[in-house]
Amino acid sequence: MKLLKNNHVNIFVSVNAVLSTIYLLGLGYYNSYLLDDYGFIYRLSNEGLLSFIVDMYNTWQGRFGGFFLSGVLFKLFSTSNNLIGLTIIQLILGYVSYYLVFRWWLPVLSKSFLVLMSIILTNFSIIGIIVFSTFYWGCATAYISINFILILLIYFIFNTSVSKILSYLFIILLSILIGGFAEIYSPLVILVLGCIFLFKLFKTKISLFFGNEINIRLFFSLFVLSLSFLVQLLSPGNLVRLDFEAYHPTGLELIMKTFRAFIDLFFMLTPKLIYPLLLLPFFIYVGAVLKRNGFDFIPTLVLNSRFIFKSAVLLIIFLFIALMPGVYAMGEIPPPRSLSYMSMLILFLFIVLGVLYGNRYSNCFIIIKFYLCFANIVLSIIMIMFICKELPVAKSYNNEIQIRHEMLLELNKTGFTGVANVKPIVVKTELSSYARFWNFVMTFYKPSKKINAFYFPYEIYTISTDKEEWRNVGLKNYLNLNFDVIGWDKPQLSSKK
């Protein structure tokens, strides 16, 4: 029995999928190179991808997997006017990865509904990340795509219906990418898959363990992941990067600094829970439909308050451990863009809980459908507000950038040889959800601790007052200018507090 097609639930979900896709593509269309992007694309064009990776490996960072992924995406799907191609390929990667997994796990659902699930989950896993601008910053966009690549790796490890040759080919390629991606990401993947491996090993006799194809694939993937991570870790460039950050806490001080970083993380993540909460009824509905189609998960699980509590504790422990390497390297909370996977992880946990509770309370199907439609109406209203509010601002922002580039290119044609002073761009921003939540709490605790952290869908375009600074040199080389440029160090903000 297939899920009914063309009913009112599908219509509500479809509207949400379309609106969120329009929002993401609209911002992608008006996106442009920013900050590191100019130097990055210039070096890629002149050195080639492999030479660039080797140079970075020896002089700055060992993240060969991350640089390869960013380089391929940048080289093939970006243009000078906008980065819509980069946005499209990232979304397609998300849609495909989720669809393959859903098709494998939930074959009872119709293909059209699985497509809707994949679009909704991909779009809102992006919209709900800690720093939304990460998705649109070319140099940082791999922080998003690596999560979809991890989903594909899981698919090829645990789905034995895929041919061995194809599976092992993808396991090798994806494991190399993930193992060499980032020193605060790769070991977490190894840790989780390693725990699954040890759990399976504990439950099975060693003599029988490698008679199971999944166990062999898991072991092979862990081997490649660990080897790739070791190559990343031994990079000469890592020592350069560590020396750049002069202070690295250890021992009790590291634990205390990680605890303070965790508090910051809590304030960053909590406002973003609106998206998992509004998507929860969708997956409760999926769980109820699965129960009606004969998929009963509850007999094998004890779904009670203790289960929820244990899940929350494990999540907190995982997030704390995940923060620690970044705190050691930076002396404080690492750049939030590098923590994008945490928002996606929390969304995944909401999905699991939603499906389980929908499976248990499938007898309340009418109430579940009503709850789902209400949540989709709220999400649709949010998306319409975002589209109407942010796309005009993004268009204006892109125009301002292009005007300045055209001015510099015109000066270049005239033979100008001085130092060009680029006029600042005033960016209209508003307080971020993180700042709003933090300031709300500080109102009752310590008003002097209020902060001004601003939200903008893109990284903010700036050019330094120092002509030798990396942003300036990158822009000069990218535009092939015969003169130096200077601008403004700090973003010029026009905000609504």
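Residues numbered from 1 in each chain as written. Predicted model: local features only at pLDDT ≥ 70, side-chain atom pairs only at ≥ 80, totals over all residues. Heavy atoms only, no water.

Some words on the pattern of salt bridges
Side chains that carry opposite charge are capable of pairing whenever their charged atoms lie near each other.
Link 1 in the chain: Tallying each qualifying case throughout the model produces ten salt bridges.
Link 2 in the chain: The partner of Glu400 in a salt bridge is Arg404, and the shortest N-O contact between them spans 2.7 Å. Of this pair, Glu400 and Arg404 are both found in helix H17 (residues 365–413), four residues apart, which corresponds to roughly one turn of the helix.
Link 3 in the chain: For Glu400, a relative accessible area of 29% corresponds to the partly exposed category.
Link 4 in the chain: Put simply, Arg43, Glu47 and Asp55 are held in one network by salt bridges that share partners. (Salt bridge = Lys/Arg side-chain N within 4 Å of Asp/Glu carboxyl O. Helix = DSSP H or I, 4+ residues; strand = E, 2+ residues; numbered from the N terminus. Buried < 20%, exposed > 50% of the residue type's maximum accessible area, 1.4 Å probe, protein only.)

Things to note about the packing of aromatic side chains
Link 1 in the chain: As enumerated under the stated definition, the model contains 42 aromatic pairs in all.
Link 2 in the chain: Here Tyr143 and Phe181 contribute two aromatic rings whose centre-to-centre distance is 5.8 Å and whose plane-to-plane angle is 90°, an arrangement assigned as edge-to-face. Placement of the pair is Tyr143 in helix H7 (residues 142–158) and Phe181 in the loop between helix H8 (164–179) and helix H9 (186–203), with a sequence separation of 38 residues. No difference in accessibility class separates Tyr143 from Phe181, as the two residues are buried.
Link 3 in the chain: Ring centres of Tyr461 and Trp488 lie 6.0 Å apart, and the angle between their planes is 35°; this geometry places the pair in the tilted category. Here Tyr461 is found in the loop between strand S3 (454–455) and helix H19 (470–478), whereas its partner Trp488 is found in the loop between strand S4 (484–486) and strand S5 (492–496), with 27 residues between them in sequence.
Link 4 in the chain: Look at Tyr461 and you get buried, because its relative accessible area is 2%.
Link 5 in the chain: The class for Trp488 is buried, based on a relative accessible area of 4%.
Link 6 in the chain: Seen from the ring of Trp470, Arg471 lies directly overhead, with NZ or CZ sitting 5.4 Å from the centre. (Phe/Tyr/Trp six-rings, centres within 6.5 Å; stacked < 30°, edge-to-face > 60°. Lys NZ or Arg CZ within 6 Å of the ring centre and 35° of its normal.)

A word on empty space enclosed by the protein
Link 1 in the chain: Across all of its chains, the model carries one cavity of 30 Å³ or more by this definition.
Link 2 in the chain: Quantified by volume, the largest cavity comes out at close to 80 Å³.
Link 3 in the chain: Taken together, Phe124, Ser125, Gly128, Leu269, Lys272, Leu273, Tyr275, Pro276, Ser343, Ile346 and Leu347 form the lining of the largest cavity.
Link 4 in the chain: Broken down by secondary-structure element, the contributors of at least two residues to the lining of the largest cavity are helix H6 (111–127), helix H14 (274–292) and helix H16 (340–360).
Link 5 in the chain: Per-element accounting of the lining of the largest cavity gives the leading share, three residues, to H16. (1 Å grid on protein atoms, 1.4 Å probe; cavity = no way out; pocket = protein on both sides within 12 Å on 5 of 7 lines; lining within 4 Å. Points joined across faces, edges and corners; volume = space filled by probe spheres on them.)

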